[in-house]
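Reading the structure
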Amino acid sequence: MALDALLHTRSVTKAGEQLNLTQSAVSAELRRLRRMFDDELLTRVGRHYELTPLAQTLIEPVEDVVARVRRTIEHRVTFDPAVASRRFSLVMSDYTMLRILQPAVRRAAAHAPGVGIEARQLNDLVPRMLGQHGADLVIGAGVDMDGIHSQRLSTERFVCIVSADNPDVGDELPLSLLESLPHLAIAWQPWMSALLAQKRGTGSLISELSTFLGPRPAEDRCADRRRDVVADSLMLAPFLVQGTRLVGLVPERLAHHFRDVADLKVFEPPFPMPELHETMYWSDLAHTDPAHVWLRQMIADVTADEADTGSSLLPGREADDRVLSVVGAL
């Protein structure tokens, strides 16, 4: 546990706080680990510590060992949601939170009063969210990943949105007009790679679609001047487009839900647009855990109910504080 904490915090002080140990106790443990590995593991660079090359290679295997120990400690042969006490960490986009999190909270409150749900924004690649970020379940775009279990939940179509009072747009949105309008892009998120990976149609699809997807963090943000506005939330898109000349690309259900509220016009994209397959992912360590099996079935049921009933995106005003804790800005 000490090695795992030191590798992730890169700080004796923070590792001590995480482990509820004194700084001197963690320092002694670090000295022992250095002797055992015959490596410094942490080296001072300026005012901070950095991992040595050996320490960097230890992160994933140590995570795996710690996760297996925790699963073993928490393991139960059966799981009875009516009496069990368990807290799950879910990771998803703000749009997915709005769609399925609230009905999941309602169902958990009704059938599993001792179960808590912590929801966080999807802001990293799925394997890392399941690994070093410690998520029980990640919901994102459908892509194949080795060593990770998955189940498709739903399929999303994308549409173009503009403000209803946009002076340039009438009843149609041809490609030539779309190309001339300023673009609202969504800052790069992991699910966007799945859209660009589906290279259906011609190369113009990739060129056109990429203008709606914000640059990766390492990209030159001035490389494409058509990204006139870049936001990091799909949920904000309808309201950022409102009253402007911007054109945006958003999930169809989101567009139609906010069409009247944000005074929008909604159009089919004037280019071949791939669908986004929303999928939930979990690690091999969680695959046979009865509690995790229950969680996955609940999320699948909630998503299926939404598809069958066409229920509203917006959650009700009631929320059970015992069940729901949302971490991160929406």
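Residues numbered from 1 in each chain as written. Predicted model: local features only at pLDDT ≥ 70, side-chain atom pairs only at ≥ 80, totals over all residues. Heavy atoms only, no water.

**Some thoughts on the overall build of the protein chain**
Here is the rule we go by: Secondary structure is summarised from DSSP: a helix means a run of H or I of at least four residues, a strand means a run of E of at least two, and numbering begins at the N terminus for each. By the convention used here, residues are in contact when the closest approach between their heavy atoms is within 4.5 Å. Using a 1.4 Å probe, accessible areas were evaluated by the Shrake-Rupley method; residue-level cover was limited to the displayed protein chains.
Across its full length, the protein chain carries twelve helices and 13 strands. A sequence separation of at least 24 residues applies to 75% of the contacts in the protein chain between residues at least 6 apart. On the protein chain, roughly 17,000 Å² of surface is accessible, and the fraction owed to carbon and sulfur atoms is 51%.

**Some details on the side chain of D94**
Counted only if it meets this: The buried label goes to any residue with under 20% of its type's maximum accessible area, the exposed label to any with over 50%, and the partly exposed label to all in between, with areas taken from a 1.4 Å probe on protein chains only. The charged-residue count follows a simple rule in which Lys and Arg add positive charge and Asp and Glu add negative charge, with His and chain termini not counted at all. In what follows, salt bridge is the name for a side-chain nitrogen of Lys or Arg lying within 4 Å of a carboxyl oxygen of Asp or Glu. Two N or O atoms count as a polar contact when they lie within 3.5 Å, although within protein this holds only if one can serve as hydrogen donor and the other as acceptor, and sequence-adjacent residues are included solely when both atoms are side-chain atoms.
Positionally, D94 belongs in helix α5 (residues 94-111). No salt bridge is formed by the buried D94; its nearest oppositely charged neighbour, R99, is found at 10 Å. Polar contacts involving the side chain of D94 include one to the side chain of S233, which spans 2.3 Å.

**Some points on helix α1 (residues 2-9)**
In terms of burial, α1 is largely enclosed, as six of its eight residues are buried. Downstream of α1 by one or two residues, R10 has phi in the positive range, about 55 degrees.

**Remarks on the nonpolar core**
Where we set the bar: Nonpolar core, defined: a set of buried Ala, Val, Leu, Ile, Met, Phe, Trp, Tyr and Cys residues in which side-chain atoms within 4.5 Å join the residues together.
Formed by 27 residues in total, the largest nonpolar core has its most connected members in L90, M280, W294, L295, M298 and I299. Elements supplying a minimum of two residues to this core: β3 (86-92), α5, β4 (115-121), β5 (137-141), β12 (276-283) and α12 (290-309). Sorting elements by how many residues they give to this core places α12 first, with seven residues. Contacts of W294, omitting those with residues within four sequence positions, involve F79, P81, F88, A112 and V115. Core analysis: the next-biggest nonpolar cluster, separate from the first, contains 18 residues, L184, L254, A262 and L264 among them.

**Overview of the confidence of the model for the protein chain**
Just so we agree on the cut-off: Residue-level confidence of the predictor, termed pLDDT, takes values from 0 up to 100.
Per-residue pLDDT for the protein chain has a mean of 78; in total, 76% of the residues score no lower than 70. Across the protein chain, element-level confidence peaks in strand β11 (residues 264-267) with a mean pLDDT of 96 and bottoms out in strand β13 (residues 324-327) with 38.

**A look at the pairing of β5**
Rule in force here: Two strands form a pair only when DSSP identifies at least two bridges running between them.
Most of β5 sits out of view: five of its five residues are buried. Two strands pair when backbone bridges link them, and β3 and β5 are joined in this way by two bridges, in the parallel orientation. In the sheet register, L90 faces β5, and the bridge partner there is L137. Two strands pair when backbone bridges link them, and β5 and β12 are joined in this way by four bridges, in the antiparallel orientation. The residue of β12 that forms the bridge with I139 is M280.

**What to know about a nonpolar patch on the surface**
Formally: Like charges within 9 Å and nonpolar side chains (Val, Leu, Ile, Met, Phe, Trp, Tyr) within 5 Å are joined into patches, using only residues over 30% in relative accessible area that form no salt bridge.
A surface patch of nonpolar side chains, amounting to about 260 Å² of accessible area, comprises M1, V65 and V69. With respect to the element layout, V65 can be found in helix α4 (residues 53-74).

**Examining the pattern of salt bridges**
Opposite charge on two side chains lets them pair, provided their charged atoms get close. What the rule picks out here adds up to 13 salt bridges. Put simply, D289 and R86 hold a salt bridge, and the shortest N to O gap is 2.9 Å. Here R86 lies in strand β3 and D289 lies in the loop between β12 and α12, a separation of 203 residues in the sequence. Looking at R86, the relative accessible area reads 15%, which means it is buried. One salt bridge in this structure joins R99 and E156, with 3.4 Å as the shortest N-O distance. Of the two residues, R99 is situated in helix α5 and E156 in strand β6 (residues 148-156); the sequence distance between them amounts to 57 residues. E156 matches R99 in its accessibility class, with the two residues each being buried.

**Focus on the packing of aromatic side chains**
Heads up, the rule is: Stacked, tilted and edge-to-face are the three classes applied to pairs of Phe, Tyr and Trp rings, where Trp contributes its six-membered ring and a pair requires centres within 6.5 Å; stacked means planes under 30 degrees apart, edge-to-face means over 60, and tilted covers the rest.
Taken as a whole, this structure holds three aromatic pairs when the rule is applied. Ring geometry for F239 and F258: centres 5.2 Å apart, planes at 70 degrees, overall edge-to-face. Of the two residues, F239 sits in helix α10 (residues 237-241) while F258 sits in the loop between α11 (252-257) and β11, which places them 19 residues apart along the sequence. The exposure class of F239 is partly exposed, given its relative accessible area of 36%.

**Structural notes on the packing of helix α2 (residues 12-19) against helix α3 (residues 23-37)**
Operational definition: All axes are obtained by fitting lines to C-alpha atoms, using only the stretch in contact for helices, and the reported angles, taken between N-to-C directions, cover 0 to 180 degrees. Put simply, angles under 35 degrees are roughly parallel, angles over 145 are roughly antiparallel, angles from 65 to 115 are roughly perpendicular, and the rest are oblique. Residues were grouped as follows: Ala, Val, Leu, Ile, Met, Phe, Trp, Tyr, Cys and Pro as nonpolar; Asp, Glu, Lys and Arg as charged; and all remaining residues, including Gly, as polar.
Relative to each other, α2 and α3 sit at 110 degrees, their axes nearing to 8 Å. Considering the angle they form, α2 stands roughly perpendicular to α3. The residues of α3 that touch α2, namely those facing V12, T13, A15 and G16, are Q23, V26, S27 and L30. By residue class, the composition of the contact of α2 with α3 is four nonpolar, four polar and no charged.

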